[in-house]
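Survey of secondary and tertiary structure
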Amino acid sequence: MNVLQVSAEIFPLLKTGGLADIAGALPGALQSVGCQVRVVLPGFPAILADLSDSWVLAELTAPWGERLQLRQGKLRTLGLDAYVIDLPHLYDRPGSPYEDVWRQPYADNHRRFALLGWVAAQLAHGLDPHWQPQVVHSHDWHAGLTSAYMAFLPHRSPRVGTVFTIHNLAYQGVFSPACFYELGLPHSAFTVNGVEFYGQVSFMKAGLYYADHITTVSPTYAREIQTPEQGCGLDGLLRTRSAALSGILNAVDDAVWNPATDPYVSDPFGVDNLAGKARCKAALQRELGLKVQSEAPLFGVVSRLTGQKGLHLVLGAVDALLARGGQLVVLGTGEPHLESIFKAKAAQHPHAVSVRIGYDETYAHRIFAATDVTLVPSQFEPCGLTQMYGLKYGSLPLVHRVGGLADTVVDCSLENMDEGRANGFVFNDFNQQALERAMARAFALYARKTEWAKVRDCGMRQDLGWQNAARQYLTLYQHLYA
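Just so you know, these numbers come straight off a predicted model, no measurement behind them. (Residues numbered from 1 in each chain as written. Predicted model: local features only at pLDDT ≥ 70, side-chain atom pairs only at ≥ 80, totals over all residues. Heavy atoms only, no water.)

Our focus in this paragraph is the sheet that holds strand S9 (residues 196–197). Taken in spatial order, the three strands of this open sheet run S8-S10-S9, and their pairing is antiparallel. Taken across any chain shown, the strands that pair with only one partner, and hence form the sheet edges, are strand S8 (174–175) and S9. Of the strands in this sheet, S8, S9 and strand S10 (200–202) are in contact with helix H6 (residues 203–210), which crosses S10 at around 60 degrees. (Pairing = 2+ DSSP bridges. Helix = DSSP H or I, 4+ residues; strand = E, 2+ residues; numbered from the N terminus. Contact = heavy atoms within 4.5 Å. Axes fitted to C-alpha atoms, helices over the stretch in contact; angles between N-to-C directions.)

Now the structure itself:
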């Protein structure tokens, strides 16, 4: 199968969240099961800088009249064939891929990411005379217009299948209706059976409506988004498309997330030799000015600091955590008021709480290697990779039972421990009291070293690799192309 992957970011070249991790790992996983994968990406500076042996495949005119070059080459870091949109006016900017330095979305984001979908559609329609995709797989709202553009191109034989993956339904790429007239879609697309969403243009809805098949990143989330509570206004559409909707659980790239080979871990360790983990914990405690105590469970947060991630619950529970003798290390950036309260907690308890605002990939790896518990108390979570990283690194996840968290973490109840399935701590009600009760269970288990070791062993031996997911995607592609 020839598969064209469409995404706005890709690890390790450009990352703002879990989307990049998946976009970076999935092509290699698909290649291992027989697919030939190419990617199309916006020409952000980090991506263009990694593109080697490139040439101009085509000079094109965007739907609103702007000229651009489409470059073809190979991403050196990933060894992956790529098409990159070379238009510095749109992509070579300060800030993040989506926001300026003041954290405001760029006013022309509709153009910047419509162009990604439009170019992908041109490639699906034969723009590269030497390589033709059989399936186009687009990711999240940034690539949501891909299947819409393809739907209005003249039909080709054989047809090209389309898959659209929702990584987080809450981020929908919604724009003013005036933007529609720059997109180059026919007027018939701006209807309830199209890209129109409460009088505006929704890139996410375009992906959901026009794609042949919709996937999301865990089976539980696939069910949850068909409900009013988690459907973000799109649950009705998703229910009508339920026969073409499935959940395929994300996975972890063992080449990147493996404590035995991780270059960022000062003392490598594995499930059969955990001495290095204890040394990683002590080293991080010393570095951060925390009291060096092996008997104090160290809790870690690596997350966007937003209400959706349940970080206000963590703030409310910090005093209870400290009263039991625990420690907390936080890495993340997000809502300013959450950032400031976390920093205040660290200033108030410098020997027990450490907070670093921002994102640092190296430091994130070291946190997972050092901590005993990974906190992921999200209100909703499409899949979550953080809890999987925790499992890999022997940092037991403490999670709210939603989405992919429910699919990957088994609570340390007596029956689950007796059956050898327990690998973390799960709470059901999204409130501080439920979180604190789960924390109390974590402290109780930590005091029982033999039982803690068995649960940690179960988590570290869990198969979180890409092979199963890759086979599911391949089966889906084959079904669409049959």
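From this point, the narrative continues.
This next bit is on the nonpolar core. By size, the foremost hydrophobic cluster in this structure holds 74 residues, and its most contacted members are Leu 115, Leu 145, Ile 166 and Leu 208. Broken down by element, this core gets its largest block of residues, 10 residues, from helix H4 (residues 109–124). The residues contacting Leu 145, other than those within four sequence positions of it, are Ala 114, Gly 117, Leu 183, Leu 185, Val 195, Phe 203 and Ala 206. Core analysis: the next-biggest nonpolar cluster, separate from the first, contains 48 residues, Ile 248, Ala 251, Ala 370 and Tyr 393 among them. (Core = buried A, V, L, I, M, F, W, Y, C linked by side-chain atoms within 4.5 Å. Buried < 20%, exposed > 50% of the residue type's maximum accessible area, 1.4 Å probe, protein only.)

All right, on to the packing of helix H16 (residues 432–446) against helix H17 (residues 449–460) then. Interhelical geometry of H16 versus H17 gives an angle of 110 degrees and a closest axis separation of 7 Å. Considered as vectors, H16 and H17 are oriented roughly perpendicular to each other. Along the contact surface, H16 presents Ala 442, Leu 445 and Tyr 446, while H17 presents Lys 449, Glu 451, Trp 452 and Val 455. Counted by class, the contact of H16 with H17 contains five nonpolar, no polar and two charged residues. (Parallel < 35°, antiparallel > 145°, perpendicular 65-115°, else oblique. Nonpolar A, V, L, I, M, F, W, Y, C, P; charged D, E, K, R; others polar.)

Burial analysis of H6 places seven of its eight residues in the buried class, which makes it a mostly covered element. Looking at H6, one finds that the buried residues are Phe 203, Met 204, Lys 205, Ala 206, Gly 207, Leu 208 and Tyr 210. In this structure Ser 202 caps H6, since a side-chain oxygen of it lies 3.4 Å from the backbone nitrogen of Met 204. (Polar contact = N/O pair within 3.5 Å; in protein donor to acceptor, adjacent residues only side chain to side chain.)

Their axes nearest at 8 Å, the elements helix H9 (residues 275–288) and helix H12 (residues 361–370) cross at an angle of 120 degrees. The pairing of H9 with H12 is recorded here as oblique in orientation. In the crossing of H9 with H12, the sense of the turn from one axis to the other is left-handed. Note on element contacts: H12 touches H9 through Tyr 363, Arg 366, Ile 367, Phe 368, Ala 369 and Ala 370, opposite Lys 277, Cys 280, Lys 281, Leu 284, Glu 287 and Leu 288. For the contact of H9 with H12, the per-class residue count stands at eight nonpolar, no polar and four charged. (Left-handed = near helix turned anticlockwise from the far one by under 90°.)

With that out of the way, let us pick up the state of the cysteines. A complete count under the given rule lists zero disulfides for this structure. In this structure Cys 232 is a free cysteine whose sulfur lies 17 Å from that of Cys 383, the closest cysteine sulfur available. (Disulfide = S-S within 2.5 Å.)

Within the open sheet, the six strands sit side by side as S15-S14-S13-S16-S17-S18. Their pairing is parallel. Strands at the two margins of the open sheet, each flanked by one partner only, are strand S15 (353–357) and strand S18 (425–427). On average, each strand axis in the sheet is tilted by 15 degrees relative to the strand beside it, whichever way the strands run. Where strand S16 (residues 373–376) meets strand S17 (residues 396–400), four bridges bridge the pair, whose relative direction is parallel. Bridge pairing in S17 places Thr 374 opposite Pro 397. Strand contacts of helix H11 (residues 336–348): strand S14 (327–332) and S15, with the helix running at about 145 degrees to S15, the strand carrying the most contacts.

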